[in-house]
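Read off the chains here:
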Amino acid sequence: MFPDVARLRRTRSRSICPENPDGAKGGAARATDGTGAHAARELGRGWKVSPSVEIAAGQTHELGRIDEPGRITHIWMTTHTRHWRSLVLRAYWDGADEPAVETPVGDFFAQGWGRFAQVSSQMVATNPHGGFNSYWPMPFAGSARLTLENIGTEPAVVYYQLDYEVGGDVEGTGYLHAQFRRSNPLPELTTHPILEVTGRGHYVGTYLAWGVNSNGWWGEGEVKFHLDGDTDPTIASTGTEDYFGGAWNFDVPGRGYTEFSTPFLGMPQVIRPDGLYDSQQRFGMYRWHVPDPITFETDLRVDIQALGWQSGHRYLPLRDDIASLALCYLDVPTTTRPELPSVDELAV
């Protein structure tokens, strides 16, 4: 992924954080007021005066604005677990009025269930206890604006840092798009829609937060990719666990469902029933199509079946709780996108 790590660059590195909200050169220790002002009162300016922001319920905070061509190279963020589904991350490219990225912040970092699970992948790393890291490249030709909206009912304290570079060549790169959808429960005899976009580009990632609403195995369904006007899909997996790089129900004999996290695919989270509040099994799975992007010229539609087994060795269509985050790069800064569910519809 890093063939040019030794090549000298003609870019300028910058970083946006609560201490330096515009990424100014020499501006990383200039705050005189902020969430750390009381703790730094005897030390003064330059001593962690503004490490975080508090976003009131119903308010939107601008994480960062960049008004020249560049590329976001890394995002680090953390907040309390109770906000992982009620903080909405959005990204706008090149002055667009509509976001290309719109998703609950937890799902963007493969944490859809509001509980920490270690993710050790190439593109996303979530580390103890809720240290969110994204390495998805986010290039833009003219400008970028990232926001975080608190759609919850209580204030949220957020720590963050956006690392980026300006002055490089972004010609020929696509804009990152991220779209969230949830089916809860999945309507009878339907598939869960993961993505539907128009434009030229390539598909690079799927994260699923899957809640099982019945007994038995739940992952017989296929992931299907409809490319460039397909009526029938051009690409289909052989099963859900196969698409995410596992096999045979993720079931290691004697251990049952077994978590794993690798550079480009994994099932890092298994939430087991506790007999009281956790009544169903829940899973978190990711697949990053970085070495194997799925390319398309005009449009792409992706969906997944939910299938188990019933008597007579027949497939059983399921009505599970499926939330998905889809990531792709497109040649346009905006495209069709679904309506984001309400905070109640996002609840876990």
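Rules and cut-offs
- Residues numbered from 1 in each chain as written.
- Predicted model: local features only at pLDDT ≥ 70, side-chain atom pairs only at ≥ 80, totals over all residues.
- Heavy atoms only, no water.
- Helix = DSSP H or I, 4+ residues; strand = E, 2+ residues; numbered from the N terminus.
- Rg over C-alpha atoms; globule rule 2.2 N^0.38 Å.
- Contact = heavy atoms within 4.5 Å.
- Areas by Shrake-Rupley, 256 points an atom, 1.4 Å probe, with all protein chains shown as cover.
- Lys, Arg positive; Asp, Glu negative; His and termini not counted.
- Charge placed at Lys NZ, Arg CZ, Asp CG, Glu CD.
- Phe/Tyr/Trp six-rings, centres within 6.5 Å; stacked < 30°, edge-to-face > 60°.
- Buried < 20%, exposed > 50% of the residue type's maximum accessible area, 1.4 Å probe, protein only.
- Salt bridge = Lys/Arg side-chain N within 4 Å of Asp/Glu carboxyl O.
- Polar contact = N/O pair within 3.5 Å; in protein donor to acceptor, adjacent residues only side chain to side chain.
- Pairing = 2+ DSSP bridges.
- Core = buried A, V, L, I, M, F, W, Y, C linked by side-chain atoms within 4.5 Å.

S.K.: Would you mind going over the overall build of the protein in detail, with residue names and values included?
M.R.: Each helix and strand in the protein was counted, giving three helices and 27 strands. Computed over its C-alpha atoms, the radius of gyration of the protein comes to 21 Å, within 12% of the 20 Å expected for a compact globule of 348 residues. The principal-axis extents of the C-alpha atoms in the protein amount to approximately 70 × 50 × 40 Å. Considering only contacts in the protein between residues 6 or more positions apart, those separated by 24 or more positions represent 72%. Total accessible area on the protein stands at roughly 16,300 Å², and carbon and sulfur atoms take up 49% of it. Within the protein, one finds 29 positive and 43 negative side-chain charges whose respective centroids are separated by 6 Å.

S.K.: Can you break down the packing of aromatic side chains residue by residue, with the values?
M.R.: Enumeration over the complete set of coordinates arrives at 18 aromatic pairs. Plain terms: the ring middles of phenylalanine 108 and phenylalanine 109 are 5.1 Å apart, the flat faces sit at 85 degrees to each other, and that makes the pair edge-to-face. We classify phenylalanine 108 as buried; its relative accessible area is 1%. Ring plane angle 35 degrees and centroid distance 4.9 Å describe the contact between tryptophan 309 and tyrosine 315, whose orientation is recorded as tilted.

S.K.: Tell me what's going on with the pattern of salt bridges, and back it up with residues and numbers.
M.R.: One pass over the structure, following the stated rule, counts 20 salt bridges. Put simply, arginine 90 and glutamate 149 hold a salt bridge, and the shortest N to O gap is 2.7 Å. On the criterion of sequence distance, the pair formed by arginine 90 in strand β5 (residues 87-93) and glutamate 149 in strand β11 (residues 144-150) is long-range, its members being 59 residues apart. For the pair arginine 90 and glutamate 149, a shared accessibility class is recorded, and that class is buried. Between arginine 282 and aspartate 278 there is a salt bridge; the shortest N-O distance is 2.9 Å. Here arginine 282 falls in the buried class, since its relative accessible area comes to 12%. It is possible to trace a salt-bridge network through shared partners that takes in Arg90, Glu98, Glu102, Glu149 and Arg337.

S.K.: Residue-level account of the environment of glutamine 280, with values.
M.R.: Here glutamine 280 is to be found in the loop between β21 (265-271) and β22 (282-288). Sequence separation between glutamine 280 and glycine 205 is 75 residues; the distance between their C-alpha atoms is 26 Å. With residues up to four places along the chain from it excluded, the contact list for glutamine 280 reads Val212, Asn213, Ile271 and Pro273. Here the side chain of glutamine 280 touches serine 279 through a polar contact of 3.3 Å, side chain to side chain.

S.K.: Give a description of the pairing of strand β13 (residues 175-183) that names residues and reports values.
M.R.: With respect to burial, β13 is a largely interior element, nine of its nine residues being buried. Covered by surrounding structure in β13 are Tyr175, His177, Gln179, Arg181 and Ser183 together with Leu176, Ala178, Phe180 and Arg182, the residues of both alternating faces. Across two bridges, the pairing between strand β6 (residues 101-104) and β13 is parallel. What sits directly across from valine 101, in β13, is alanine 178. Relative to strand β27 (residues 321-330), β13 runs antiparallel, the two sharing nine bridges. Across the sheet, residue phenylalanine 180 finds its bridge partner in β27, namely leucine 325.

S.K.: Please give an account of the nonpolar core that cites residues and values.
M.R.: Grouped together as the largest cluster of nonpolar side chains are 53 residues, with contacts concentrated most on Ile72, Met77, Trp93, Phe108, Trp136, Leu148 and Leu327. Per-element accounting of this core gives the leading share, six residues, to strand β12 (residues 156-166). When residues no more than four places from it in sequence are discounted, the contact partners of tryptophan 136 are Ile72, Phe108, Met123, Val124, Leu176, Val204, Trp288, Val290, Leu327 and Tyr329. If you look at the next biggest cluster of nonpolar residues, it comprises 32 residues, including Ile194, Tyr203, Val212 and Trp218.

S.K.: Explain the environment of asparagine 249 residue by residue, including any values.
M.R.: You can see asparagine 249 is positioned in the loop between α2 (240-243) and β18 (251-252). Relative accessible area serves as the criterion here: at 26%, asparagine 249 is assigned to the partly exposed category. Taking the C-alpha atoms as reference points, asparagine 249 and serine 15, 234 residues apart in sequence, are found 43 Å from one another.

S.K.: So what's going on with the side chain of serine 52? Which residues, and what values?
M.R.: Its place among the elements puts serine 52 in the loop between β1 (12-16) and β2 (53-55). Since its relative accessible area comes to 4%, serine 52 is described here as buried. Reaching out from serine 52, the side chain makes a polar contact with the side chain of threonine 35 at a distance of 2.7 Å. Apart from residues no more than four positions distant in its own chain, serine 52 is found in contact with Pro18, Thr35, Val157, Val158 and Tyr159.

S.K.: So what's going on with the side chain of threonine 78? Residues and values would help.
M.R.: For threonine 78, the position within the fold is in strand β4 (residues 70-78). Separated by 2.8 Å, the side chain of threonine 78 and the backbone oxygen of glycine 130 make a polar contact. Threonine 78 has contacts with Gly130, Gly131, Val157, Val158 and Tyr159, leaving out every residue within four places of it along the chain.

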